[in-house]
Amino acid sequence: MMHVFRPTFQRFTIAALSAVALASAASGEVPSDNVTTFEPTDTERQIFAEPGISFAEGADIYATVCAGCHMPEGQGAIGGGAYPALSGNENLEYPDYAIFIVTNGYKAMPSFGHLLDDEQVASLVNYLQSNLGNSYEPTATPDMVAANRPQPD
């Protein structure tokens, strides 16, 4: 079953928050005692420490890069676009399909080849093949990923 996002709820939430902000500004009250500084968590520091994604494990890469659209359990979603389910996805039986899409993008899915190195893509694809309701043999290798990347002329 796919999740369906409800834009009406989102508009209502934004409108309600805007009304609260306007009312607060109109009253002249500024809650300065509630202002805090942003301090990133250890995970956020690790994610944004260098260009690209610093995680090496497929599960961590999935949670960071993929789950926002394909959902945490890979069930897919329909909302601002259609995000296919990865759970029980027969296209993941062979790694080349997922390697190509992750590295190069396809239709509305952007390329992540510039964020993930060959080892990370292989780790992610192996995770997809053997998790999220899939029980395929994880067979992706960094050499397979390198072969799927665009080659310079």
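Residues numbered from 1 in each chain as written. Predicted model: local features only at pLDDT ≥ 70, side-chain atom pairs only at ≥ 80, totals over all residues. Heavy atoms only, no water.

Some thoughts on the overall build of the chain
Part 1 of the reasoning: Scanning the chain from N- to C-terminus turns up six helices and three strands.
Part 2 of the reasoning: Each helix and strand of the chain, ordered N terminal to C terminal, gives the series β-α-α-α-β-β-α-α-α.
Part 3 of the reasoning: Across the 153 residues in the chain, those meeting the buried criterion constitute 29%.
Part 4 of the reasoning: Within the chain, residue pairs in contact and separated by at least 24 positions form 56% of the contacts whose partners lie at least 6 positions apart. (Helix = DSSP H or I, 4+ residues; strand = E, 2+ residues; numbered from the N terminus. Buried < 20%, exposed > 50% of the residue type's maximum accessible area, 1.4 Å probe, protein only. Contact = heavy atoms within 4.5 Å.)

Describing the packing of helix 3 (residues 58-70) against helix 5 (residues 118-130)
Part 1 of the reasoning: Packing of helix 3 against helix 5 leaves a shortest axis separation of 8 Å and a crossing angle of 90 degrees. The orientation of helix 3 relative to helix 5 falls into the category roughly perpendicular. Contact residues: G58, A59, I61, Y62 and C66 in helix 3; Q120, S123, L124, Y127 and L128 in helix 5.
Part 2 of the reasoning: Within the contact of helix 3 with helix 5, the residues separate by chemical class into seven nonpolar, three polar and no charged. (Axes fitted to C-alpha atoms, helices over the stretch in contact; angles between N-to-C directions. Parallel < 35°, antiparallel > 145°, perpendicular 65-115°, else oblique. Nonpolar A, V, L, I, M, F, W, Y, C, P; charged D, E, K, R; others polar.)

Concerning the packing of helix 4 (residues 95-104) against helix 5
Part 1 of the reasoning: Look at helix 4 against helix 5: their axes get within 10 Å of each other, and the N-to-C directions meet at 130 degrees. The angle between helix 4 and helix 5 falls in the class oblique. As helix 4 packs across helix 5, the resulting crossing turns out to be right-handed. Of the residues in helix 5, those in contact with P95, A98, I99, V102 and T103 of helix 4 are V121, L124, V125 and Q129. (Left-handed = near helix turned anticlockwise from the far one by under 90°.)

Focus: the state of the cysteines
Part 1 of the reasoning: Throughout the structure, instances matching the rule amount to zero disulfides.
Part 2 of the reasoning: Left unpaired, C66 is separated from the closest cysteine sulfur, that of C69, by 8.7 Å.
Part 3 of the reasoning: Residue class for C66 comes out buried when judged on its relative accessible area of 12%. (Disulfide = S-S within 2.5 Å.)

Some thoughts on helix 5
Part 1 of the reasoning: For helix 5, with 13 residues, the first-to-last C-alpha span of 18 Å sits near the 18 Å given by 1.5 Å per residue.
Part 2 of the reasoning: Within helix 5, burial applies to D118, Q120, V121, A122, L124, V125, N126, Y127, L128 and Q129.
Part 3 of the reasoning: On the buried face of helix 5, the contacting elements are helix 3, helix 4 and helix 6 (142-148).
Part 4 of the reasoning: For helix 5, the N-terminal cap is D117; the gap from its side-chain oxygen to the backbone nitrogen of E119 is 3.2 Å.
Part 5 of the reasoning: Note on helix 5: the residue one or two positions beyond its end, L132, has a positive phi of about 60 degrees. (Expected span 1.5 Å × (residues − 1). Polar contact = N/O pair within 3.5 Å; in protein donor to acceptor, adjacent residues only side chain to side chain.)

Some thoughts on the packing of aromatic side chains
Part 1 of the reasoning: Counting across every chain of the model gives one aromatic pair.
Part 2 of the reasoning: Centroid distance Y62 to Y127: 5.8 Å. Interplanar angle 40 degrees. Geometry classified as tilted. With Y62 in helix 3 and Y127 in helix 5, the pair connects residues that are 65 residues apart, well separated along the chain.
Part 3 of the reasoning: According to the relative accessible area criterion, Y62 is buried, its value standing at 2%.
Part 4 of the reasoning: According to the relative accessible area criterion, Y127 is buried, its value standing at 18%. (Phe/Tyr/Trp six-rings, centres within 6.5 Å; stacked < 30°, edge-to-face > 60°.)

Quick look at the nonpolar core
In summary, soluble globular proteins display a tendency toward joint burial of nonpolar side chains.
Part 1 of the reasoning: Ranked by size, the top nonpolar core spans 24 residues in total, and within it Y62, L116, V121, L124 and L128 carry the most contacts.
Part 2 of the reasoning: For this core, the secondary structure elements donating two or more residues are helix 3, helix 4 and helix 5.
Part 3 of the reasoning: Sort the elements by how many residues they give to this core and helix 5 lands first, with six residues.
Part 4 of the reasoning: Discounting residues that sit within four places of it in the chain, L124 has contacts with G58, I61, Y62, C66, V102 and L116. (Core = buried A, V, L, I, M, F, W, Y, C linked by side-chain atoms within 4.5 Å.)

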